[in-house]
Amino acid sequence: MAGNDVRTMSAEIRNILTQKEVIAIDQDPLGKQGYQFMEQPGKEIWVKELSNGEWAVCFFNSGDDKMRIRVHWPNLYFLKGAFEVRDLWQAKNLGTTANDFAGDIASHDVILFKLSPVKPVAP
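Participant: Can you walk me through the nonpolar core in this structure?
Facilitator: Among soluble globular proteins, nonpolar side chains are generally buried collectively. One finds Val-57, Phe-59, Ile-69, Trp-73, Leu-79, Phe-113 and Leu-115 to be the most contacted residues of the largest nonpolar core, which totals 19 residues. Counting only elements with at least two residues in this core, the list comes to strand E2 (43-49), strand E3 (55-61), strand E4 (67-71), strand E5 (83-87), strand E7 (101-105) and strand E8 (110-117). Counting seven residues, the second-largest nonpolar core is a separate cluster that includes Val-22, Ile-25, Ala-56 and Leu-112.

Have a look at this one:
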């Protein structure tokens with residue numbers, strides 16, 4: 001449901017409301033509810049278990065200033081094994097959870113990742 005006049009919405013709003021990879025997080029067939037994993041002043045981490053062993057992880061900057069984050073994936077103790085990391089809003093693959101992620105989040109903005117288990121290489 002969109003709370004705007006779809007006849008006059010900007011291209012930016014249309015892109016947000018029709019981003020298929022983000023919609024897929026909401027519509028994941030496992031049907032589990034996302035939950036707040038961590039909250040500190042000015043920042044929150046939200047997670048959702050997905051089907052096929054995948055996870056959605058959202059970092060929210062609730063503060064008034066841009067924030068630099070560094071994610072050391074092993075600190076997210078619910079992750080078991082190695083995962084491929086994809087930034088859904090940027091539609092970019094970022095490597096795996098073997099490497100930390102560092103980036104900036106604008107005030108009142110998010111970074112949304114989809115983590116997919118790394119497939120073993122066949123011998």
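Participant: Is there a simple way to think about unusual backbone geometry in this case?
Facilitator: Negative phi values dominate among residues other than glycine, just as trans dominates among peptide bonds. Even without being glycine, Asn-52 reaches a positive phi, approximately 60 degrees. Mapped onto the elements, Asn-52 comes out in the loop between E2 and E3. The phi dihedral of Ala-91 falls on the positive side, at around 55 degrees, and the residue is not glycine. Locating Ala-91 in the fold gives a position in the loop between E5 and strand E6 (92-96).

Participant: Honestly, the sheet that holds E2 in this entry has me stumped. Any pointers?
Facilitator: Neighbouring strands of a sheet are bound in pairs by backbone hydrogen bonds; such pairs are parallel or else antiparallel. The strand order across the open sheet built from six strands is E1-E2-E3-E8-E5-E6, with neighbouring strands paired in antiparallel fashion. Each edge of the open sheet is held by one strand with a lone partner, namely strand E1 (35-40) and E6. Neighbouring strand axes in the sheet, compared pairwise and without regard to direction, differ in orientation by 20 degrees on average.

Criteria and cut-off values
Residues numbered from 1 in each chain as written. Predicted model: local features only at pLDDT ≥ 70, side-chain atom pairs only at ≥ 80, totals over all residues. Heavy atoms only, no water. Core = buried A, V, L, I, M, F, W, Y, C linked by side-chain atoms within 4.5 Å. Buried < 20%, exposed > 50% of the residue type's maximum accessible area, 1.4 Å probe, protein only. Helix = DSSP H or I, 4+ residues; strand = E, 2+ residues; numbered from the N terminus. Pairing = 2+ DSSP bridges. Axes fitted to C-alpha atoms, helices over the stretch in contact; angles between N-to-C directions.

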